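Remarks on the overall topology
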Amino acid sequence: AGVSLAYGYAYQGAGARLVVTPLTERLFVSAALAVRWRLSLVARGPAGTGKTESVKDLAAAAGRRCVVFNCGPDMTASAVGSLLVTLAANGAWGCADEFNRLTPSVLGVCSELLRG
């Protein structure tokens, strides 16, 4: 696909790697393009299809730390803001599981923060 990522040198040990399928390969290319163009990526699909594990695997391959956090209706805008600022300050990737469970007001804050 002709997409490359700069290696981030956040070595996290030798771990198990995913089996690359056409679906994970498509996600890898989409995520790499999003990083290159400084965009966010939303991977959606049925539960248990490997979306989170694919993002974690790509982050490890790129030498980036990936922080997975579970969203829920009790998550506040302040908590999301702090998390996004911390991720940006450390050059880490964030993976928001169950993003659809956030309240509309928190989603609005996320939208504004991610828009930059």
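Summarised in this report is the structure supplied together with it. (Residues numbered from 1 in each chain as written. Predicted model: local features only at pLDDT ≥ 70, side-chain atom pairs only at ≥ 80, totals over all residues. Heavy atoms only, no water.)

1. Quick look at the pattern of salt bridges
All chains considered together, the criterion is met by one salt bridge. Taking the shortest distance from any N to any O, the salt bridge between Glu 53 and Lys 56 comes out at 3.1 Å. Linking Glu 53 with Lys 56, this pair stays in helix H2 (residues 51-61), spanning three residues, or about one helical turn. Using a relative accessible area of 40% as the deciding quantity, one classes Glu 53 as partly exposed. According to the relative accessible area criterion, Lys 56 is partly exposed, its value standing at 33%. (Salt bridge = Lys/Arg side-chain N within 4 Å of Asp/Glu carboxyl O. Helix = DSSP H or I, 4+ residues; strand = E, 2+ residues; numbered from the N terminus. Buried < 20%, exposed > 50% of the residue type's maximum accessible area, 1.4 Å probe, protein only.)

2. Regarding H2
Among all positions of H2, only Thr 52, Ser 54, Val 55, Asp 57, Leu 58 and Ala 59 are buried. Against the buried residues of H2 lie helix H1 (22-36), strand E1 (66-70) and strand E2 (93-97). Gly 63 sits one or two residues past H2 and shows a positive phi near 70°. (Contact = heavy atoms within 4.5 Å.)

3. What about the pairing of E1?
Two elements, E1 and E2, share five bridges in a ladder whose sense is parallel. Following the sheet pairing, Asn 70 is matched in E2 by Asp 97. In this region the chain leaves E1, passes through helix H3 (residues 77-90) and returns to the parallel neighbour E2; the handedness of that crossover is right-handed. (Pairing = 2+ DSSP bridges. Right-handed = clockwise from strand over helix to strand, strands pointing away.)

4. A look at the side chain of Thr 52
Inspection of the secondary structure assignment puts Thr 52 in helix H2. Thr 52 sits in the buried class, given a relative accessible area of 17%. Within polar-contact distance, the side chain of Thr 52 engages the side chain of Asp 97 at 2.6 Å. What Thr 52 contacts, discounting residues up to four positions off in sequence, is Val 68, Cys 95 and Asp 97. (Polar contact = N/O pair within 3.5 Å; in protein donor to acceptor, adjacent residues only side chain to side chain.)

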